[in-house]
Amino acid sequence: MLDDIDDIHALFHGAPSTTEFKKLRKRIVRQTREAIEQYGMIERGARWLVCLSGGKDSYTLLAVLHELQWRGLLPVEILACNLDQGQPGFPATVLPAFLEKMGIPHRIEYQDTYSVVMDKTPAGRTFCALCSRLRRGNLYRVAREEGCSAVVLGHHRDDILETFFMNLFHGGRLATMPPKLINEEGDLFVYRPLAHVAEVDCEKFATAMNYPIIPCDLCGSQDGLQRQQVKAILDGWEKNSPGRRQVMFRSLMNARPSHLLDPKLFDFTGLERNADKLNENGLNIPRLR
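Read on for a plain summary of the structure. (Residues numbered from 1 in each chain as written. Predicted model: local features only at pLDDT ≥ 70, side-chain atom pairs only at ≥ 80, totals over all residues. Heavy atoms only, no water.)

### Focus: the sheet that holds strand β6 (residues 189-191)
Line of reasoning, step 1. If you walk across this open sheet you meet the six strands as β3-β2-β1-β4-β6-β5, and the pairing is mixed. Strands with a single pairing partner mark the edges of an open sheet, and in this sheet they are β3 (106-110) and β5 (180-182). Each adjacent strand pair in this sheet contributes to an overall mean axis angle of 25 degrees, direction not counted.
Line of reasoning, step 2. As paired elements, β5 and β6 share three bridges and run antiparallel to each other. (Pairing = 2+ DSSP bridges. Helix = DSSP H or I, 4+ residues; strand = E, 2+ residues; numbered from the N terminus. Axes fitted to C-alpha atoms, helices over the stretch in contact; angles between N-to-C directions.)

### Focus: the layout of surface pockets
Rolled over the atoms, a probe as big as a water molecule pinpoints where empty space is left.
Line of reasoning, step 1. Here the second largest pocket defines a volume of roughly 520 Å³.
Line of reasoning, step 2. For the second largest pocket, the lining is made up of 24 residues, of which Phe164, Ser251, Leu252, Met253 and Ala255 are closest to its centre.
Line of reasoning, step 3. Residue assignment for the lining of the second largest pocket shows that the elements contributing at least two residues are α6 (157-171) and α10 (244-252).
Line of reasoning, step 4. Residue classes in the lining of the second largest pocket are distributed as 17 nonpolar, five polar and two charged. (1 Å grid on protein atoms, 1.4 Å probe; cavity = no way out; pocket = protein on both sides within 12 Å on 5 of 7 lines; lining within 4 Å. Points joined across faces, edges and corners; volume = space filled by probe spheres on them. Nonpolar A, V, L, I, M, F, W, Y, C, P; charged D, E, K, R; others polar.)

### Quick notes on unusual backbone geometry
Of all residues except glycine, most have a negative phi; of all peptide bonds, most are trans.
Line of reasoning, step 1. Although it is not a glycine, Asn210 adopts a positive phi angle of roughly 60 degrees.
Line of reasoning, step 2. Considering the arrangement of structural elements, one finds Asn210 in the loop between α7 (199-208) and α8 (217-220).

### Things to note about the pairing of strand β1 (residues 47-51)
Line of reasoning, step 1. Of all five residues that make up β1, four are buried, and the element is covered over most of its length.
Line of reasoning, step 2. Relative to strand β2 (residues 77-84), β1 is paired through five bridges, and the arrangement is parallel. Paired with Cys51 across the bridge in β2 is Cys81.
Line of reasoning, step 3. With respect to chirality, the unit in which β1 leads through helix α2 (residues 56-70) into the neighbouring parallel β2 is right-handed. (Buried < 20%, exposed > 50% of the residue type's maximum accessible area, 1.4 Å probe, protein only. Right-handed = clockwise from strand over helix to strand, strands pointing away.)

### A few points about a nonpolar patch on the surface
Line of reasoning, step 1. A surface patch of nonpolar side chains, about 520 Å² in accessible area, is lined by Leu168, Phe169, Leu174, Ile233, Trp237 and Leu260.
Line of reasoning, step 2. At the level of secondary structure, the elements contributing two or more residues to the nonpolar patch comprise α6 and α9 (226-240).
Line of reasoning, step 3. Note on placement: Leu174 falls in the loop between α6 and β5.
Line of reasoning, step 4. Its relative accessible area of 52% is what places Leu174 among the exposed residues. (Patch = residues over 30% accessible without salt bridge, like charges linked within 9 Å, V, L, I, M, F, W, Y side chains within 5 Å. Areas by Shrake-Rupley, 256 points an atom, 1.4 Å probe, with all protein chains shown as cover. Salt bridge = Lys/Arg side-chain N within 4 Å of Asp/Glu carboxyl O.)

### Focus: the pattern of salt bridges
For side chains bearing opposite charge, pairing can occur when the charged atoms are close.
Line of reasoning, step 1. Per the counting criterion, the structure on display carries 23 salt bridges.
Line of reasoning, step 2. Residues Lys56 and Asp57 are paired through a salt bridge, measuring 3.6 Å at the closest nitrogen-oxygen approach.
Line of reasoning, step 3. The partner of Glu67 in a salt bridge is Arg71, with the nearest N and O atoms 2.5 Å apart.
Line of reasoning, step 4. The partly exposed category is assigned to Arg71, whose relative accessible area is 26%.

### Some remarks on the nonpolar core
Line of reasoning, step 1. If you look at the biggest cluster of nonpolar residues, it comprises 40 residues, and the most contacted ones within it are Leu11, Trp48, Leu62, Leu65, Phe205 and Tyr211.
Line of reasoning, step 2. Only α1 (19-38), β1, α2, β2, α3 (94-102), β4 (150-152) and α7 provide two or more residues apiece to this core.
Line of reasoning, step 3. By residue number, the principal contributor to this core is α2, which donates seven residues.
Line of reasoning, step 4. Ignoring sequence-local partners within four residues, the contact set of Trp48 consists of Met41, Leu65, Leu74, Val76, Glu77, Ile78, Leu79, Cys148, Ala150, Val152 and Tyr191. (Core = buried A, V, L, I, M, F, W, Y, C linked by side-chain atoms within 4.5 Å. Contact = heavy atoms within 4.5 Å.)

Below is the structure:
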């Protein structure tokens, strides 16, 4: 049982014994397991590169995956990986010390993408796009070197919802982060097992476990990011109508192409009226083709 103290992985040692935390933990484990099964992420015997930034989301991801693995529900090998991007002041010893203490196989990769981002990003522009591309390329390389079949990321429900609205408001398309995709080269899966987990639950969990959170000062140093603007809008909707985020998220799982406007997704020109029904009503109208 999840309540048993003796069966907790090292990542759960010192976990609060409150009923509230036990419910939180069970909910995160259940939602993660649902996403893994629903989107077909498990390849028995596969090796996953689980990306650890040091933020609340990646700590939650690491813990819940080890929980599922320990309980025999995730038959894959887990290799934690942190990409040290050379940001000034980054506490480079925190994650290695934590992973060693937890007994978790890991790789720390150093690549100074920070200098590249600072040099190539025009004044007044955000760093996120270039930073993300460089980080992703390095993680794909590490995954190949380590014989991993999947790169596993800590994006949660709110990241997915915010990305949808960013694409809607700024990109002119209906798209978001999928829970599962294949990289452009076609040799690696990208998984987001926390797709159903709320950001607030990740924050509560990581805080309760007292994990050593490392903030991303590169992104956090910039004001007016589009994602922050979208987050503020969603926060306002959630405040006025609690539960609104989950309703909107469910809509992403309930798409109706025939009720949208994309002719590539639905054959609007091929729609036909039922001539037989029309004739039954006394109308002699030929079938349209």
